[in-house]
Amino acid sequence: MMCGIFGCILKNGDAAPIIHAALKRLEYRGYDSVGEVTIHEGKLFIKKDQGKIDEVHAIHNLDDLPGRIGIGHTRWATHGAPYEVNAHPHTDCNGQIAVVHNGIIENFSELKKELEERGHVFRSKTDTEVISHIIEEELKEGRALAEAVYSAVEQLEGSYAIAVVSAKEPNKIVCARKESPLVVGVAENAVYFASDIPAFLPLTNTAVIVEDGELVVLDDKGYEIRKLADGSLVSRKPEVIDWSPEMAEKKGYPHFMLKEIHEQPLCLRNTLRLQEQYLDLMTTFLDRAGEVFLVACGTSYHACLAASYMFSKLSMLATHPIIASEFVEQHGRAINIDSVLLAVSQSGETADTLEAVECARQRAATVLGLTNIIGSTLTRVARAYVCQQSGPEIGVAATKTFTSQLSVLSQLALRLAKKRGKVSHVEIEQLEEKLEQIPDIVEKVIETQEEKIKQLAKKYRDKQCFFFLGRGVSSASALEGRLKLLEIAYAPALAFPAGESKHGPISLIEPGFPVIFVCPKDDTRKTIVGNIMEMKARGASIIAVVEEGDEEVKGLADDYIEIPRGMPEVLSPIPYVIPQQLFAYYMAVERNCDPDQPRNLAKSVTVK
Ligand code: AGP
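Below you will find a few notes about this structure. Quick caveat: nothing in here was measured; it's all calculated off a predicted structure.

### Here we look at the site of the ligand
Okay, so step 1: In the vicinity of the ligand lie 15 residues, with Ser300, Ser345, Ser347, Thr350 and Glu487 positioned nearest.
Okay, so step 2: In this structure, an oxygen atom belonging to the ligand sits 2.8 Å away from a main-chain N or O atom of glutamine 346.
Okay, so step 3: Note that a nitrogen atom of the ligand is positioned 2.8 Å from one of the backbone N or O atoms of valine 396.
Okay, so step 4: In isolation the ligand offers 410 Å² of accessible surface; the protein chains occlude 92% of this area.

### With respect to helix α16 (residues 474-489)
Okay, so step 1: Compared with the 22 Å implied by 1.5 Å per residue over 16 residues, the 22 Å span of α16 between its first and last C-alpha is a close match.
Okay, so step 2: Buried residues dominate α16, accounting for 14 of its 16 residues.
Okay, so step 3: Tyrosine 490 sits one or two positions beyond α16 and adopts a positive phi of about 55°.

### Observations concerning the sheet that holds strand β2 (residues 33-40)
Okay, so step 1: With antiparallel pairing, the eight strands of this open sheet are ordered in space as β3-β2-β4-β1-β10-β9-β11-β15. A single partner strand is all that each edge strand has here, and the edge strands are β3 (43-50) and β15 (239-240).
Okay, so step 2: Note: strand β1 (residues 4-10) against strand β10 (residues 190-194), five bridges, orientation antiparallel. Opposite phenylalanine 6, over in β10, you have alanine 194 as the bridge partner.

### Remarks on the pairing of strand β12 (residues 214-219)
Okay, so step 1: With six of its six residues buried, β12 lies for the most part within the structure.
Okay, so step 2: Direction of pairing for strand β8 (residues 173-178) relative to β12: antiparallel, over a ladder of five bridges. Within β12, the residue paired with cysteine 175 across the bridge is valine 216.
Okay, so step 3: The pairing of β12 with strand β13 (residues 222-227) spans six bridges and is classified as antiparallel. When the sheet's bridge partners are listed, leucine 215 is paired in β13 with arginine 226.

### Quick look at the sheet that holds strand β18 (residues 339-345)
Okay, so step 1: Strand order across the open sheet formed by five strands is β17-β16-β18-β19-β20, with parallel pairing between neighbours. Every other strand in the sheet has two partners, leaving β17 (319-323) and β20 (384-387) as the edge strands with one partner each. For this sheet, the mean angle separating the axes of adjacent strands, direction not counted, is 20°.
Okay, so step 2: Pairing of β18 with strand β19 (residues 366-371), which is carried by six bridges, proceeds in the parallel orientation. Residue pairing across strands places leucine 342 opposite leucine 368, the latter belonging to β19.
Okay, so step 3: Helix-sheet contacts for helix α11 (residues 324-331) involve β16 (291-296), β17 and β18, and the interaxial angle to β17 is about 115°.

### Quick notes on the environment of alanine 557
Okay, so step 1: Counting through the fold element by element, alanine 557 comes out in the loop between α18 (551-556) and β25 (559-563).
Okay, so step 2: A sequence separation of 303 residues divides alanine 557 from proline 254, and the C-alpha atoms of the two residues are 31 Å apart.
Okay, so step 3: When sequence neighbours within four positions are dropped, the list of residues in contact with alanine 557 reads Ile542 and Ala544.

### Notes on helix α1 (residues 15-25)
Okay, so step 1: Among the residues of α1, Ala15, Ala16, Ile19, His20, Ala22 and Leu23 are the ones counted as buried. When α1 is viewed along its axis, its buried side chains cluster within an angular range of 165° and face the same direction.

### What to know about unusual backbone geometry
Okay, so step 1: Across the junction of histidine 88 and proline 89, the peptide omega takes the value 5°, indicating a cis bond.
Okay, so step 2: Tracing the backbone through its elements, the reader meets proline 89 in the loop between β4 (69-75) and β5 (90-91).
Okay, so step 3: The backbone of methionine 316 shows a phi angle near 55°, a positive value even though the residue is not glycine.
Okay, so step 4: Examined against the element boundaries, methionine 316 turns out to sit in the loop between α10 (298-315) and β17.
Okay, so step 5: For methionine 316, a relative accessible area of 48% corresponds to the partly exposed category.
Okay, so step 6: Here the phi dihedral of asparagine 592 falls at roughly 55°; this positive angle occurs in a residue that is not glycine.
Okay, so step 7: Structurally, asparagine 592 is set in the segment after α19 (573-590).

Scoring rules and cut-offs
- Residues numbered from 1 in each chain as written.
- Predicted model: local features only at pLDDT ≥ 70, side-chain atom pairs only at ≥ 80, totals over all residues.
- Heavy atoms only, no water.
- Near = heavy atom within 4 Å.
- Polar contact = N/O pair within 3.5 Å; in protein donor to acceptor, adjacent residues only side chain to side chain.
- Areas by Shrake-Rupley, 256 points an atom, 1.4 Å probe, with all protein chains shown as cover.
- Helix = DSSP H or I, 4+ residues; strand = E, 2+ residues; numbered from the N terminus.
- Expected span 1.5 Å × (residues − 1).
- Buried < 20%, exposed > 50% of the residue type's maximum accessible area, 1.4 Å probe, protein only.
- Pairing = 2+ DSSP bridges.
- Axes fitted to C-alpha atoms, helices over the stretch in contact; angles between N-to-C directions.
- Contact = heavy atoms within 4.5 Å.
- Arc of directions from axis to C-beta.

This is the structure:
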């Protein structure tokens, strides 16, 4: 989903070195395998393999391919482990067509079955390969390449930015995009396309943004854009990009963390395109479990904590969220063959989590995994796993991977509820509908609240300590908001279920002490209003993340952030964490901390 694609048509000279260098500039988009194809004298020349770009170059010499036209790909595996056979480009049966793709084809299984029944032979496990065989079929009908791509993408469901070359029309590259990004670069003696501007910025700063639902034909005359909906020509002026290459990697955002916060709607849409069979397999294991442990560290643990409310409220399944580094001490002797341990780890390499997994395996328990990296240790030791498809997360602080984890876990809870018949069909449909709306809701929260949150960070910048409080599933959101603030803005903060305040922590409260309340309008709201009052009575400054139009809580708060109405309780952590992510980010900026590389922290803690 977060792969990088690039290609070029040069007036003269070799395309391969240009492609190789451009893929290096896209490496932050994915790097578990890489490939290139050029066209020369009517033939395709391909080099591809698993491994980082430099590793593959050292073995295959990616600069050594003939021809002035070519396309390339650097991969972030979502379907099919990062092996050579799954690396892009993917070709048709006769090696006459080559395709690179960034995105997720949801209906690839049924397309693949149809194509195999027509005699097509597939080499890879990827969703992408169906595209090259569909285009092969279209060309057989006598269509030109552009028309063939046009009718091929009409059959695709999901997200894609693709580029296609064919030996039959060796002077053309045809691209098309739906949701995944695509941009054209225009130079004196060349035309380029890429997933992101950084790929060609050193070659030209004249870019043409390709909009959703458009097809582009690149040739020696330049580029032509058409609408996929009706084939109509689009005339779009190039724009001059005044970003530095470093800025361009962040799409113009000042930090990767802010870019990744803003990427969440796209990631959440892709998390709704998971392969059904993986979700069903996980659900089956969870359904049969004698007991279920949800094991993780840090942000991933907060996802497990939220999930425990989802599984309990939706599926009537009691689960035990456990901090991984405590698992062996706490449950190492209790876990057994009837247990299921679901390990949640963005990196799939966290030592504490893998230690808990190893303990579970030794006790013959069933180990399941939820991770963002196919090919990570967790995917190799788990009995079954789901890849959340969030793409590389460069910021050390987990943001988009957290909300994607919550989306996957809520889908598992929903499936289990359906399987167990514990929730009415009406309620299931309502929740599924809401889940589909979540990406747009998150987009709206970011669009409408970001500026206000930026001001809040200025207002509270010098506060020395914060509370983050919530009840029910919001206690998990509050824990996550607290972790974000303390890990990137180095602001001391405490988070605990709001009901605990009176059992000790409230002794810290004095006038002006900032308390963030996460309070959607759910079953816990009545009691949380009481918690707000007890803090207010002691002079605390109340910052509330509330449902739009909740006049009662807004009236009690010194500041508030509004989330669109009608968010089901079990899904509320996803939108309600967004303002907390943004607050932590802007506090870090206000305090001159580096949000992308906070001190003392690593992206993946592979030591115990
Ligand atoms: C979260 O912002 C931190 N980067 C950290 O707590 C992280 O969530 C934790 O180390 C777990 O990482 P994992 O998901 O890769 O296992």
